[in-house]
Amino acid sequence: MTTSQQALLVDGLTVGFDAGAPPVIDGLGFSVARRETLAIVGESGSGKTLTGRALMGILPRGARLLGGRALYRPGDGGPEVDLLALRRSALRRLCGGRIAMVFQEPMSALSPLHTVGAQVAEVLALHTDLPAAAIHARCLATFAEVGFPDPERAWRAYPFELSGGLRQRAMIAMAVVAEPDILIADEPTTALDVTTQAQVLDLLKTLQRRHGQSLILITHDLGVVASMADRVVVLRQGRLMEAGPVADVLAAPGHAYTRALVAAAPHLPEGASAGRSAADPILQVEGLNKTFPARRAGFFGQRSGTAIAAVRDVSFTLHRGQTLAIVGESGSGKSTVARLLLRAEIADPGAQVVFRGRDGAAVDVAALGGAGLKAFRARVQLVFQDPFSALSPRMRIAEILSEPLAIHGRLNARARRDRAAELLRQVGLSAEHLGRYPHAFSGGQRQRIAIARALALDPELLICDEPTSALDASVQLQILDLFKRLRDELGLSYIFISHDLAVVADLADHVAVMRAGRIVEQGPVAALFHDPVHPYTRALIAASPEPDPGKRLDLAAVARGAGAPQDWPAPFGYRDDTAPPLTEIAPAHFVRLAA
Amino acid sequence: MLGYFVRRVWTMIWTLAVVSVLVFIIVNLPPGDILSNQIAQLRASGEAASVARAEFLMREFALDRPMWQQYLIWVGFWPGPHGFSGLLQGDLGWSFELNRPVSAIVGEALWLTLALNFFTVLFVYLVALPLGAVAAVKANSWIDYLATFIGYVGLATPNFLLALILYHYGAHWFGLPVGGMMSADFLDKPLSLAKLGDILLHLIVPVIVIGTAGMAGMVRRLRANLLDELGKPYVTTALAKGSPSGRAVVRYPLRMALNPFVADIGNLLPSLVSGSVLVSLVMGLQTIGPILLSALRSQDYFLSGFILMFVSLLTLVGMLISDLLLAWLDPRIRYSGRAR
């Protein structure tokens, strides 16, 4: 039985795929009170997403409900029902109306062929008897409430015309338009930038406060949990590990698994970590620009639209054995910088990129061609974000690791195999994995293989493009440790690209924060975290959720810096292409501000 | 949308111009067509009247002019012996084999071809859409296997064999007419309601015979497409909204899966026309297929040239229709040229 204060009581929920295999959710039980936020936390494969789907009756093909109850007590005082025992038609009347869901990837979770208005209005058409005009009016009111600047435009817009943040707002509008009792949000901000994430989380919180919903927040991010939830349920492999008030669970985790999760969550640094000093530049970049021409379109193939300035005036020096982190949100130009450094793209004329190898000879990267470029690429290697698509599924690990050696004509076949085994040992795997294919490995293991592949040619500089973004927090921590160990053992230098300041805090010596193609602040890691000057840097720091309920997100700071450059306060703001120069405000600490 | 339409029509006109050059070159390429044979014979006879007649024919059909002028006269951009009189002006030329104007030969066949194609396309879509959709939604059930079986039989059975079987059992069980596009009583009669009904009755078997292979292929494609779409997150969203599963399928994934389906209209039309030549012969259909065949064999170049142009036009119009439908169905296509 639920008490009148409880909105949902789940008991013994069991879901399985095959009859013989062990269930993926095993006897899970929890309850959600009215107006409460319950976080369901777990790593990938823990069954947290299936839990939400089981409640809504939308389990994926092949998954079957094997047992359990989910008692739901409607907010309007209606009789208690068991969601898991309801007939399909009866459950349908509740889903979308009384219980609604927000999904992770708003681009694919919204139909590309229907306007946002039509998709949101459908909810009301299905669950209310309102006439079309009233539905329209209520949708517009909801659009305004979830923060669309122009609700009428949102009504007519197609999902692909909206930014990621607005798309997720449309998704939220769809979920709340019928004023549900329970909102299930499945990783609602995982696909978003940090600053957008902070704003969307704030929106969910505000809506909940205003309408008194219960919120079930499914996430892998303890930082999000700390700033959002009242109570938390920790899942591992379909079993409940620990449950309780957020403050208790995060401050004093009772279960060893929870302790490991809390330890693995990225923290912003507390004390000043001394940047290691060195004065042996391996890479000097001066005045790097990249302009993508407008695409050809129109009646006679004339160029339409304006050219896109992807990278503007990027300069930095990386010293041997050090790590430069380039941090920025999607579209800031950080990945383009990586491609320019590797000569995968040609920079605009005038850029100076000088690479100085162990042999001491300086190489002008922009002028390289043919054999020189091939030799340069052996010394600078790239680690990609997604280890699932970066490894060919049709090649064995041995082939993947020895292919770079073969391309560069190094070693004979036997020696290559020995080298491949050595590489695997370096990244913490064993030689017996050589004969397997990538699909046999987990995400973390694949990223280790990808790193081993990058190390095959004995490079001096690794460019890592969001190498841990696709991984669980505990795996991320292991990979970051691996990067640190390899740096110290092999004397590597890194350029580490990330959208998350907290991830780079421990690894980087210098940090460059990019926004709209420009570096807005650049300096030693200690200076950047303890004395951030630029409003955008401050917004990034304020938006990083930390697994500490005492530190909630500072939304005022996010709002000040997350906007476009022209919205920044003086002396930081600028319009169009008239950016102020980088100014040195402390030794090696540069900020883009008008003098 | 209007700009898109104008752009598409403009492309279509250019394509048609290029096609007309190709068609003209191809039908004129092989030596020994009817007219030059006639002229050669007349000249060889040596009689003054015959030579004069040969000279007349040369002038009448502009054979004395350079090739590029002949082309322009044929299309109607250049004054011929009788002023501007080409395809554009509605003068389709002269059939030397049948000694009648091309327009008189193809006149009725043209309309019958259009009707046959229209109903075949209609049949293909009306059968393939529900069959493919049901096969995907109920994948790996008996109904899916049945649709697959029908599809394979349709693809594997030669059309003429299917024609014979259907004629036999159609006539036996339903009293359907055998062969031809209309009963003998209505041949060369003006169009009347009775004649229309008669034509429709005669169309049933040919439409099924010609359409089955295309229909079977389309069922397979639609099933595969829809099966992909059914796994997409936006379908889950629709279900999470509380939308009944039938409604969710029709409103969201089916519309997405329709794109290749619609794009097929343009490909379907030419394959129907050229693919139905043999069937038309077997079934005695008075469409342009058999006429094209005999015109090509006898190198009756005005006739074959016009029919080839007509088939090209049919294809291009089909492409245009499918492009416009796609743009109407899919906002991503509609807005692709627009700055966002």
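Thresholds applied
- Residues numbered from 1 in each chain as written.
- Chains lettered and ligands numbered in written order.
- Predicted model: local features only at pLDDT ≥ 70, side-chain atom pairs only at ≥ 80, totals over all residues.
- Helix = DSSP H or I, 4+ residues; strand = E, 2+ residues; numbered from the N terminus.
- Buried ≥ 20, exposed ≤ 12 C-beta atoms within 10 Å, placed from the backbone.
- Contact = placed C-beta atoms within 7 Å.
- Domains from an automatic or database assignment.
- Nonpolar A, V, L, I, M, F, W, Y, C, P; charged D, E, K, R; others polar.
- Right-handed = clockwise from strand over helix to strand, strands pointing away.
- Core = buried A, V, L, I, M, F, W, Y, C linked by C-beta atoms within 7 Å.
- Pairing = 2+ DSSP bridges.
- Axes fitted to C-alpha atoms, helices over the stretch in contact; angles between N-to-C directions.
- Left-handed = near helix turned anticlockwise from the far one by under 90°.
- pLDDT = per-residue confidence, 0-100.
- Parallel < 35°, antiparallel > 145°, perpendicular 65-115°, else oblique.

## Focus on the overall build of chain B
And step 1. Across its full length, chain B carries 15 helices and two strands.
And step 2. Dimensions along the principal axes, computed over C-alpha positions, put chain B at roughly 90 × 60 × 35 Å.
And step 3. Within chain B, the proportion of its 340 residues that are buried is 32%.

## A short note on the overall build of chain A
And step 1. What chain A contains, in helices and strands, is 22 helices and 22 strands.
And step 2. If one aligns the C-alpha atoms of chain A with their principal axes, the spans along those axes are about 80 × 55 × 55 Å.
And step 3. Taken over 595 residues, chain A has a buried fraction of 48%.
And step 4. Taking the intrachain contacts of chain A between residues at least 6 apart in sequence as the baseline, contacts between residues at least 24 apart amount to 67%.

## So, the domain arrangement of chain B
All names here are of chain B.
And step 1. Split into domains, chain B comes out as domain 1 (18-91) and domain 2 (104-334).
And step 2. Centre-to-centre separation of domain 1 and domain 2, based on C-alpha positions: 38 Å.
And step 3. On the side of domain 2, nine residues touch domain 1, which itself brings 11 residues to the contact.
And step 4. Top element by residues in the side of domain 1 that touches domain 2 is helix 1 (residues 2-28). It accounts for six residues.
And step 5. Classifying every residue of the side of domain 1 that touches domain 2 by side-chain character gives seven nonpolar, three polar and one charged.

## Concerning the pairing of strand 17 (residues 461-465) of chain A
All names here are of chain A.
And step 1. Counted residue by residue, strand 17 has five buried out of five residues, so it is predominantly covered.
And step 2. Residues L461, I463 and D465 point to one face of strand 17 and L462 and C464 to the other, with burial holding for every one of them.
And step 3. At this point the chain moves from strand 17, through helix 18 (residues 473-490), to the parallel strand 18 (residues 493-498), and the crossover so formed is right-handed.

## A short note on the nonpolar core
And step 1. If you look at the biggest cluster of nonpolar residues, it comprises 239 residues, and the most contacted ones within it are A:V225 and B:I307.
And step 2. Residue contacts for B:I307: discarding those within four places in its chain leaves B:V106, B:I288, B:I291, B:L292 and B:A295.
And step 3. Residues A:F572, A:F590, A:V591 and A:L593 belong to the second largest nonpolar core, which totals six residues.

## Some words on the interface of chain A and chain B
Interfaces are often described in size by the accessible area the parts lose on coming together.
And step 1. Across the boundary between the two partners, chain A contributes 27 residues, which contact 21 residues of chain B.
And step 2. Mapped by element, the contributors of at least two residues to the side of chain A that touches chain B are helix 2 (88-94), helix 3 (106-109) and helix 4 (116-127) of chain A.
And step 3. No other element matches helix 4 of chain A, which puts four residues into the side of chain A that touches chain B.

## Notes on the environment of B:W74
All names here are of chain B.
And step 1. Mapped onto the fold, W74 is located in helix 4 (residues 67-75).
And step 2. Sequence-wise, W74 and L88 are 14 residues apart; in three dimensions their C-alpha atoms are separated by 8.8 Å.
And step 3. Ignoring any residue separated from it by four or fewer positions in sequence, one finds W74 in contact with F24, G86 and L87.

## Some thoughts on unusual backbone geometry
Glycine aside, negative phi is the norm for most residues, and most peptide bonds take the trans geometry.
Residue and element names in this part refer to chain A.
And step 1. At D313, a position not held by glycine, the phi torsion is positive, near 55 degrees.
And step 2. Structurally, D313 can be placed in strand 12 (residues 308-319).
And step 3. Within the chain, D458 stands out as a residue other than glycine whose phi angle is a positive 60 degrees.
And step 4. By the element assignment, D458 lies in the loop between helix 17 (443-455) and strand 17.

## Some details on the pairing of strand 16 (residues 380-383) of chain A
Residue and element names in this part refer to chain A.
And step 1. Neither face of strand 16 is open: one carries V380 and L382, the other Q381 and V383, and all of them are buried.
And step 2. Here four bridges tie strand 16 to strand 17, and the two strands are oriented parallel to one another. Paired with L382 across the two strands is I463, which belongs to strand 17.

## Some words on the domain arrangement of chain A
And step 1. We note that the domain assignment places domain 1 (100-177) and domain 2 (281-295 + 304-388 + 458-531 + 564-592) within chain A.
And step 2. Between the C-alpha centres of domain 1 of chain A and domain 2 of chain A the distance comes to 38 Å.

## Here's the deal with the sheet that holds strand 20 (residues 518-524) of chain A
Residues and elements named next belong to chain A.
And step 1. Reading across the sheet, the eight strands line up as 16-17-18-13-19-20-22-21 and stay open at both edges, with mixed pairing between neighbours. Looking at the sheet topology across the chains shown, the edges are occupied by strand 16 and strand 21 (582-586). Sheet twist, expressed as the average angle between the axes of neighbouring strands with direction ignored, equals 20 degrees.
And step 2. Sheet strands in contact with helix 12 (residues 334-341) are strand 13 (323-327), strand 17, strand 18 and strand 19 (510-515), and its direction is about 150 degrees off that of strand 18.

## Some remarks on the packing of helix 7 (residues 159-174) of chain B against helix 8 (residues 193-230) of chain B
Residue and element names in this part refer to chain B.
And step 1. Close contact between helix 7 and helix 8 brings their axes to 9 Å; oriented N to C, the two are set at 145 degrees. The crossing of helix 7 and helix 8 is right-handed. Along the contact surface, helix 7 presents N159, L162, A163, L166, Y167 and G170, while helix 8 presents V205, I208, V209, I210, T212 and A213.
And step 2. Each residue belonging to the contact of helix 7 with helix 8 can be placed in one class, and the counts come to nine nonpolar, three polar and no charged.

## Here we look at the sheet that holds strand 14 (residues 352-356) of chain A
Residue and element names in this part refer to chain A.
And step 1. Ordered in space as 12-11-14-15, the four strands form an open sheet in which the pairing is antiparallel. A single partner strand is all that each edge strand has here, and the edge strands are strand 12 and strand 15 (362-364). Taken over all neighbouring pairs, the strand axes of this sheet differ in orientation by 20 degrees on average, direction set aside.
And step 2. Relative to the sheet, helix 12 contacts strand 11 (281-292), strand 12 and strand 14, its axis offset from that of strand 12 by approximately 65 degrees.

## Structural notes on the confidence of the model for chain A
And step 1. Averaged over all residues, the pLDDT of chain A equals 85, while 95% of them reach at least 70.
And step 2. Predicted confidence is poor over residues 297-302 of chain A, with pLDDT under 50, and the contacts of this stretch with residues over four places away or in other chains come to five contacts.

## Things to note about the packing of helix 5 (residues 102-137) of chain B against helix 6 (residues 142-156) of chain B
All names here are of chain B.
And step 1. At a closest axis distance of 8 Å, the pairing of helix 5 and helix 6 adopts a crossing angle of 135 degrees. As the angle between them shows, helix 5 and helix 6 are arranged oblique. Here the hand of the crossing between helix 5 and helix 6 comes out left-handed. Residues L131, V134 and A135 of helix 5 form the contact with helix 6, whose participating residues are I143, D144, A147 and T148.
And step 2. Here the residues of the contact of helix 5 with helix 6 are counted per class, giving five nonpolar, one polar and one charged.

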